[in-house]
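An overview of the molecular structure
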Amino acid sequence: MKCTILHDLPGRLRVHLCCGRMSLSQADVLEYYLRAQDGVQDVKVYDRTQDAVVVYNGTRGDVIAALASFSFAKAEGMELVPEHTSRELNREFEDKLAITLMRRCVSKLFLPAPITSALALFRSVKYIKEGFLALRHGRLSVAVLDATAITVSMARGDFSTAGSVMFMLGLGEILEEWTRKKSVADLASAMSLRIDNVWLQANGTEILTKITDIKPGDRIVIRAGGMIPLDGKVAEGEAMVNQSSLTGESMPVPKRPGSPVYAGTVAEEGECVICVEKLSGSGRYDRVVRMIEESEKLKSTAEDKASRMADRLVPYTLAGTALTYLLTRNVTKMLSVLMVDFSCALKLAIPVAVLSAMRESSGHHISVKGGRFLEAVAKADTIVFDKTGTLTYATPKVAQIVPFGGHREADMLRLAACLEEHYPHSMANAVVEEAKRRGLTHEEYHSQVQYVVAHGISSMVENKKVIIGSAHFVFEDEGCHIPEGEQEKYDALPAAYSHLYLCIDGELAAVICIHDPLRREAKDAVKALHESGFTNVVMMTGDNRRTAESVAAEVGVDAVYAEVLPEDKAAFIRQEKEKGHTVIMVGDGVNDSPALSEADAGIAISTGAAIAREIADITVASEDLFELVTLRKLSEALMARIHGSYRFIVAFNLSLITLGVAGVLPPAISALLHNTSTLGIGLKNMTDLLEDENTQKRNAR
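These remarks concern the structure in this document. (Residues numbered from 1 in each chain as written. Predicted model: local features only at pLDDT ≥ 70, side-chain atom pairs only at ≥ 80, totals over all residues. Heavy atoms only, no water.)

1. Thoughts on helix α20 (residues 545–555)
For the α-helix, the turn length of 3.6 residues means that residues three or four positions removed from each other point alike. Of all the residues in α20, the buried ones are Thr547, Ala548, Val551, Ala552 and Val555. Projected down its long axis, α20 carries its buried residues within an arc of 130°, all on one side. Facing away from the buried surface of α20 by more than 90 degrees, the exposed residues are Arg546 and Ala553. Glycine 556 occupies a position one or two residues after α20 and carries a positive phi of about 90°. (Buried < 20%, exposed > 50% of the residue type's maximum accessible area, 1.4 Å probe, protein only. Helix = DSSP H or I, 4+ residues; strand = E, 2+ residues; numbered from the N terminus. Arc of directions from axis to C-beta.)

Laid out in structure tokens, this is it:
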């Protein structure tokens, strides 16, 4: 596309697209197209002027070439733009705000007093009606104060003050609505599906297939811990499906042949085959938005406190107004009290602060499902880590394969990969990748695969029972044994690695040694968490004790628990909470789900199992554990802002009331200062709490 370069600085380019008028959707297409180019760091597209600002660290020529080869038709075909973006929402509220301000300016500067009075009278109907409705339902709420102030002002003929009050209230409503909707939209986008491949059932076997290649009528296989990516009906099998993200139901729902299932829900137990009916699952975003808006999880304790305090203060404000009139018989002083209330600022500033913090967290690759979880992170003194995929990388590698019973190493790896490829776990992925690296094909020659959560996998191969999993699973639960004469070989297994045990027909056939390297930032991140106020950093794992203690010593945790089951993790968290501790759990696997649910705030790693992300209250990016330090700092900064807002609102409004009663401030000035301060603190609470992400990490280190 033809472009004109407007500004050209090293690493920054501003261009104008010669395309005529640009729609909002076209602006999104251009922005996401440029973001996808190598070397591009940031992009801003201005649809009204058809301009784009590109910040890059690659070569200027590559950016110019990308712009030259751009066309809307080509970029739209690349399907880079997510289903929902914030551009349309932002434009809607920009227009609302601009219209409100322009209308106020025109009214004050150009319209004669009779017309402005008539307009004020017309606009007051809405507020007076809301006040009457509140009284009719037996509530002394902020609406009553607003209606009383507006009514008294107009009864005195002070239409200017009434208009100012309604203007400020209108601005506050617009900003609060925008902040809430924007935060909810960002959160819903963060909760949207990220599924690339599914298991397609075809010709009696299962084929790993891109989700974009699935058609209505296709049958896809969903197993325990997997997310259902598309709407459809169960064709075979049974599963317990967690639908809390869509319906709010606390318990999983049984799904049998003929039962409908929906995109975004998660199979907790069992497995089933789904006949796909809808390809997009597009209703999920809107369902998630509705769920978030209705969910009590969005309210933190601080928000609840602010809301309750705001309503409790209304009678006192009315009583103060009446008392002022009785003592002074001065309507002006009475109005000065009535024009100032604490509740408006409390109900606007605190929720805006919480929702803005949730929105800001998404910029740090952190998705938070509710304000109360940020509050829990700020208060927490105990943090519990799972080991695999959390303190260690989510991409472990096979270090060694030790065959037993005369079996060949390659055959055992092929068999293990055949079983493990069905389950989205880092250990399973390591086995599959090693088989691929060695060029070992593993055709589907086993019967139905059964997954035992936190233990392993069981199947039948050539009429023999084959299992793979932990030592507890194969030796204690399944009663397998070591081949005769090979105990010494078994005892010599390297302790530095995690082990997967493969057994055939009740006998150990191979041990796969997995090297699960510690994250390079794990030690520094744990140290930073200690410095941020966590007094107890705990690691819990189902791995063997020697491996667990080695990792624990290196990373610097306060306590380590090895060879634990999922219920053990949840029980530990429950006990710590009973002792009065506030506990955070960080995990990534199916087996972490009970503990994530039990914790005051459950944090899942973004690359972990779908059920873990679904149950968790917070999801952090997998790239860097310092996101947890950022989360802690953001949460503490939020609580400091909330407490600061409380102090400011109380002190400032008390001073306005005092000055009004003393006759220093007339009602119009009191109303102006009160509403200006409310708007000001609301705008301040919309600003970011933290410095940029890189600065935070440097400071933490």
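2. So, the nonpolar core
In terms of nonpolar packing, the biggest core is built from 56 residues, with Ile584 and Ile618 touching the most fellow members. Tallying contributions element by element places helix α24 (residues 626–661) first for this core, with 10 residues. Dropping the residues within four chain positions of it, isoleucine 584 is found in contact with Val377, Ala380, Thr382, Ile383, Val384, Phe534, Ala599, Ala601 and Ile603. Counting 25 residues, the second largest nonpolar core, distinct from the first, contains Ile401, Leu419, Met427 and Ile468. (Core = buried A, V, L, I, M, F, W, Y, C linked by side-chain atoms within 4.5 Å. Contact = heavy atoms within 4.5 Å.)

3. Focus on the sheet that holds strand β13 (residues 382–386)
Strand order in this open sheet of seven strands is β12-β24-β23-β22-β13-β20-β21, and the pairing throughout is mixed. With one partner strand each, in any of the chains shown, β12 (366–368) and β21 (559–561) form the two edges of the open sheet. Looking at each pair of strands side by side, their axes are set apart by 20° on average, direction ignored. Sheet topology note: the β13/strand β20 (residues 536–540) ladder contains five bridges and is parallel. Residue isoleucine 383 lies in a different strand from β20, and its bridge partner there is valine 537. (Pairing = 2+ DSSP bridges. Axes fitted to C-alpha atoms, helices over the stretch in contact; angles between N-to-C directions.)

4. Some thoughts on the environment of asparagine 197
Structurally, the position occupied by asparagine 197 is in strand β5 (residues 197–202). C-alpha separation for the pair asparagine 197 and aspartate 213, spaced 16 residues apart in sequence, amounts to 9.2 Å. Asparagine 197 has contacts with Leu208, Thr209, Lys210 and Ile211, leaving out every residue within four places of it along the chain.

5. Some details on the sheet that holds strand β3 (residues 40–46)
Strand order across the open sheet formed by four strands is β1-β2-β4-β3, with antiparallel pairing between neighbours. Across the chains shown, the open sheet's two edge strands, defined by having one partner strand only, are β1 (3–9) and β3. Within the sheet, the average angular offset between the axes of one strand and its neighbour, ignoring direction, is 20°. With six bridges connecting them, β1 and strand β2 (residues 12–17) associate as antiparallel partners. Bridging from a neighbouring strand, cysteine 3 pairs with leucine 17 of β2. Sitting on the sheet, helix α1 (residues 24–35) is in contact with β2, β3 and β4 (51–56), with an inclination near 170° to β3. Helix α2 (residues 60–68) rests against β1, β2, β3 and β4 of the sheet, and its axis sits at about 15° to β2.

6. A closer look at the packing of α1 against helix α4 (residues 87–110)
Between α1 and α4, the least distance of the axes is 10 Å, while the angle of their chain directions is 135°. By the angle between their directions, the pair α1 and α4 is classed as oblique. Regarding α1 and α4, the two cross each other, and that crossing is right-handed. Together, Leu24, Ala27, Asp28 and Glu31 of α1 and Arg87, Glu88 and Arg91 of α4 make up the contact between the two elements. The class makeup of the residues in the contact of α1 with α4 is two nonpolar, no polar and five charged. (Parallel < 35°, antiparallel > 145°, perpendicular 65-115°, else oblique. Left-handed = near helix turned anticlockwise from the far one by under 90°. Nonpolar A, V, L, I, M, F, W, Y, C, P; charged D, E, K, R; others polar.)

7. Quick notes on helix α19 (residues 522–531)
Considered for burial, the residues of α19 that qualify are Ala522, Ala525, Val526, Ala528 and Leu529. Buried residues of α19, viewed axially, fall in a sector of 160°; they line one side. Of the exposed residues in α19, the ones pointing more than 90 degrees away from its buried face are Lys523, Lys527 and Glu531. A positive backbone phi angle near 120° is found at glycine 533, which sits one or two residues after α19.

8. Details of the packing of α19 against α24
One way to put it is that α19 packs onto α24 with a least axis distance of 8 Å and a crossing angle of 15°. By the angle between their axes, α19 is roughly parallel relative to α24. Pair α19 / α24 crosses with left-handed handedness. Packed against α19, whose contacting residues are Asp524, Ala525, Ala528 and Leu529, the element α24 presents Phe626, Leu628 and Val629 at the interface. A class-by-class count of the residues in the contact of α19 with α24 yields six nonpolar, no polar and one charged.

9. Topic: the side chain of threonine 392
Inspection of the secondary structure puts threonine 392 in the loop between α14 (387–391) and β14 (397–403). Residue classification places threonine 392 among the buried residues on the basis of a relative accessible area of 0%. Residues contacting threonine 392, with those up to four places away along its chain left out, are Lys387, Asp516, Pro517, Leu518 and Arg519.

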